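Here's the letter readout for the chains.
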Amino acid sequence: MKPDSSAPPAPAASHAPMPSAYALQLKNLQTRFRTEEGDLPAVNDVSLSLRRGKVLAVVGESGCGKSVTAYSILRLIRPPGRIAAGQIVFHPRDGAAPIDIAALSEESDQLYHLRGGFISMIFQEPMTALSPVHTVGNQICEAILLHQRKTPAEARAIAIDMLQKVGIPGPERRIDQYPHELSGGMRQRIVIAMALVCRPEVLIADEPTTALDVTIQAQILKLIKDLQRELGTSVIFITHDLGVVAQIADDVAVMYLGRVVEQGTVRQVLKTPRHPYTASLLRSLPGLDTDAARLPTIQGSVPSLGNVPPGCPFHPRCPHAVPGRCDVGAVPELRSFDADHLAACVRVEELAAATASVSHSVKAPVQA
Amino acid sequence: MSASPLPSHPDTPLLSVRGLAKHFPIRSQGLLKKQIGLVRAVDDVNFDLRRGETLGLVGESGSGKTTCARTILRALVPTAGSVHFASRGGVVDLATLSDTALKPLRQEMQMIFQDPFSSLNPRMTVGDIVAEPFRIHNLATGSDLEDRVVDILRKVGLRPEHRQRYPHAFSGGQRQRIGIARALIMRPSFVVADEAVSALDVSVQAQVINLLQDLQDELGLTYLFVAHNLGVVRQLCDRVAVMYAGRIVELADTAELFANPRHPYTKMLLSAEPHPDPDVPMSFDSTGEVADAGRLPTGCAFHPRCPRRFEPCDKLIPTLSAIPGTPCAAACHLYPTP
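Throughout what follows, the structure given in this document is the object of discussion.

Calculation notes
- Residues numbered from 1 in each chain as written.
- Chains lettered and ligands numbered in written order.
- Predicted model: local features only at pLDDT ≥ 70, side-chain atom pairs only at ≥ 80, totals over all residues.
- Axes fitted to C-alpha atoms, helices over the stretch in contact; angles between N-to-C directions.
- Helix = DSSP H or I, 4+ residues; strand = E, 2+ residues; numbered from the N terminus.
- Parallel < 35°, antiparallel > 145°, perpendicular 65-115°, else oblique.
- Left-handed = near helix turned anticlockwise from the far one by under 90°.
- Contact = placed C-beta atoms within 7 Å.
- Nonpolar A, V, L, I, M, F, W, Y, C, P; charged D, E, K, R; others polar.
- Pairing = 2+ DSSP bridges.
- Buried ≥ 20, exposed ≤ 12 C-beta atoms within 10 Å, placed from the backbone.
- Right-handed = clockwise from strand over helix to strand, strands pointing away.

### What to know about the packing of helix α7 (residues 184-196) of chain A against helix α8 (residues 214-231) of chain A
All names here are of chain A. Direction vectors running N to C along α7 and α8 enclose 15 degrees, while the axes themselves pass 10 Å from each other. When the axes of α7 and α8 are compared, the pair comes out roughly parallel. In terms of crossing hand, the pair formed by α7 and α8 is right-handed. Contacts from G185, Q188, R189, I192 and L196 of α7 reach α8 at I216, Q219, I220, L223, I224, L227 and L231. The class makeup of the residues in the contact of α7 with α8 is 8 nonpolar, 3 polar and 1 charged.

### What to know about the interface of chain A and chain B
If you look at the interface, chain A gives 44 residues, while chain B gives 40 residues. When residues of the side of chain A that touches chain B are traced back to their parent elements, those giving at least two are α8, α9 (242-248), α10 (266-271) and α11 (276-283) of chain A. The leading source of residues in the side of chain A that touches chain B is α8(A), at 8 residues. For the side of chain A that touches chain B, a count of residues per class yields 22 nonpolar, 16 polar and 6 charged.

### Describing the environment of A:A143
Residue and element names in this part refer to chain A. Mapped onto the fold, A143 is located in helix α4 (residues 136-147). Considered as a pair, A143 and R156 are 13 residues apart in the sequence and their alpha carbons are 11 Å apart. The residues contacting A143, other than those within four sequence positions of it, are G116, M194, V197 and C198.

### Let's talk about the sheet that holds strand β3 (residues 54-58) of chain B
All names here are of chain B. Spatially, β6-β7-β8-β3-β9-β10-β12-β11 is the arrangement adopted by the 8 strands of the open sheet, whose pairing is mixed. Since the sheet does not close on itself, it has two edges, and those belong to β6 (109-112) and β11 (321-322), each with one partner. Relative to strand β12 (residues 329-330), β11 runs antiparallel, the two sharing 2 bridges. Residue pairing for β12: S321 is matched across the bridge by A330. Of the strands in this sheet, β6 and β7 (190-194) touch helix α5 (residues 172-184), which is tilted by about 175 degrees from β6.

### Section: the pairing of β7(B)
All names here are of chain B. Buried residues dominate β7, accounting for 5 of its 5 residues. Of the two faces of β7, the one holding F190, V192 and D194 and the one holding V191 and A193 are both buried throughout. Relative to β7, β6 is paired through 4 bridges, and the arrangement is parallel. Along β7, the bridge assignment pairs Q110 with V191. Where β7 and strand β8 (residues 222-227) come together, 5 bridges link them in parallel fashion. Paired with F190 across the strands is T222, a residue of β8. Taken together, β7, helix α6 (residues 202-219) and β8 constitute a β-α-β crossover, and its handedness is right-handed.

What follows is the structure, given as C-alpha cells:
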C-alpha cells in the first residue's frame, strides 16, 4: 500500500498486534432467495477486499446484487433469503482475531456488538431509516447508549457534537426536532450522524445520495469523505452512479447478475475498463460526447436471475462475444489482468490488445 | 406581467409562454380554512418553444419544473399568464380555454411520465393501454385502430404480439416504450417528457434516449424535456431552461450553457455534477438548500446561497433578459438590463 494522506491513524496501543491491511473481506459469498422461479443466487461467489481506511465502491445496475451484498454483511437478509455459502471476515482495528460474520449465530452478542458498533450502515431513503415518532436526538442517543457506557446526559452531548460535525446548523435546537421537520438533505445528515456516532471501523453506505439533488449530493459526499478521513473509517459505497464512483472511491467492483465482473482501483476500472460490460456502461452515459450523433447503447436488457445465459452471463449483450467461446462452459473466472486489476472475461487479453490504440477515457467536460 | 424580453424568432413558435404563474394557497387547519400563506410554485415564466426543437427544463426538486410543465398542458389551471399554442386549427391560449374547447387539442399535446411502473394500468393489456387515447377521442375503431396500434408499437421497438400481454410482463425499459407509444399514437405535435428516462438503468436509458431522438426526427415532434439529470439534458436538448424556486434563471443553447454558464446557480449546479472521470474533479463547494417556495427570500430567491450576491440581490427580483452580445438570457443582477 502506498503512503497516503488518507491512511488511518496508527493504533493507540503501539505494542498491540498489527491489524490486517484489510478492514473487511468477503470470500466466495453466496446469498440465495427462494422465489417462484426457484432458489436463486442474488449474490454469487462474490469475493471483495476492503482496504483499511479506503472507500470501495460496489457499482452496478438494478438487480445486480449490490444491495444484497451490503445487507448480507450486516446479516440483514431475512427469509426467503439466506447466506448460503462463503465468509464475511471482519478484521478489528486493534489487531484482535478476525471474525467471520457469516458464521455468527443470529442471537450472538458478538453480532449485536458488531452491528452499529463496529460496522454501521447508511440507507438510501432517510425517511424510512428514521423513526417518525422519535426525536432525532433520541435516535442518535439510542445508538450511543446501546454500544457505549455513557449516561443519557453524556450521550446527548455526544449527539450534539455529532450533529455539528455533519453540518446541521443550530444542533442544540435541531436535536429535539422530529424527522418530518427536516429537509431531505438534513435527514440524510441525521442518518449519517447516527451511523458514525459510534465511530464504526466499517461504514456501509447503500446509495446514500441517490434520493438527493445534485447540489445536496455534493455536500453529503464531501461530508462522508471528510468524516471517513477524520475517523479513519473504511467505507463500502454502494451506488449505480459511475460519476459518484469516480469522485469518491479508491477501489471499485462492478457487479452484473450477482457476480463481480471487474475489480481494481478507481483509475484502472474507469479509465481503462477491461470488462466489456464496464466499458459499454461508461460509453452509454449521456452527455459526455455530444458530438456523436447517437448514444452508444448496450443491446437488450438484464435477464432475470432465473434465466441466466450459459457461459459468460453478459454474452448475449456483449459486442465482443464470440460463439463457441463466450456462450459455453462455466462462468468466466475473475482473474488478474494487470496486477490488482481483475476482470471476468475470457477475451480480456485480446480485447485489451485490440483497444490499446483506441482511447477508452471519457472526454473531459468543456467547462468554464 | 412584463412583456417578453427574450429574443424573438422569425417563425411562429409552437408554444409561447408569457408571465405564467401557478400559486397554491396554504390554508389554516381550522373551520374557516383561512389563507395563511402562498406557495409560489411557478412565477413569471417566459419562453418560446420552436417547432421541432427540444427544450430542457432542469432544476432540483421543488424548483417548479414539473408544476410548470403541468400548468402549460392545463393539467393545472394557471394563476396568471398565457400559453399560446400553435394548434392545427390556429393559435390558441391554453391558459384561458374552456375545458370543452381544450379536449380536442389534447390530441396534439401529450405527456410521457417518469415512472414506467405506476403510469400503466396493470389490469389493461398493452394493446388497450396504447389504444386508449383513440377510444377516448372516438377517432378510430376496429381494424383501423388495430393497424395504428401495431404501427406505433413497431415504431417504439416493441412487437405486434406484445398487444395481448400485461405491463407486469415487461422490463422497465419496455414499459417506458409502452408509455411512449401511448403518448405518440395520437400523432401529437407537442410532447412533454417529465423525467422520462430518470427511473431507467444507464444501459436501458441510452436506448430510450436514442428512441426519443429517432421518433422526433421521424414524426417532427417538439419536446419539452423536464429532467434533473444534466447528462441526459446535454445529450437530448437543443436549448436548456434552468429553474430555481419557480422561475427560469437562465435560458441558453445547450452547448453554450454547458460551456459557459452565466447564472451563479447554473454554475453551482454544473460544477456539483460528479464526472465519471476521476481526473475531472467535481466541486464540493455548493452550500445551502433549495429555497422553500412557500417562504421565498426577498429579492432574488438564490441570493442566500449565492457566492456573488451584492447590494441589489436581496431587494429586487431580477427578470430573465437577454445578455447583450450572447445567445443567452439570465435572471441575475450581475447582468444588468440595458
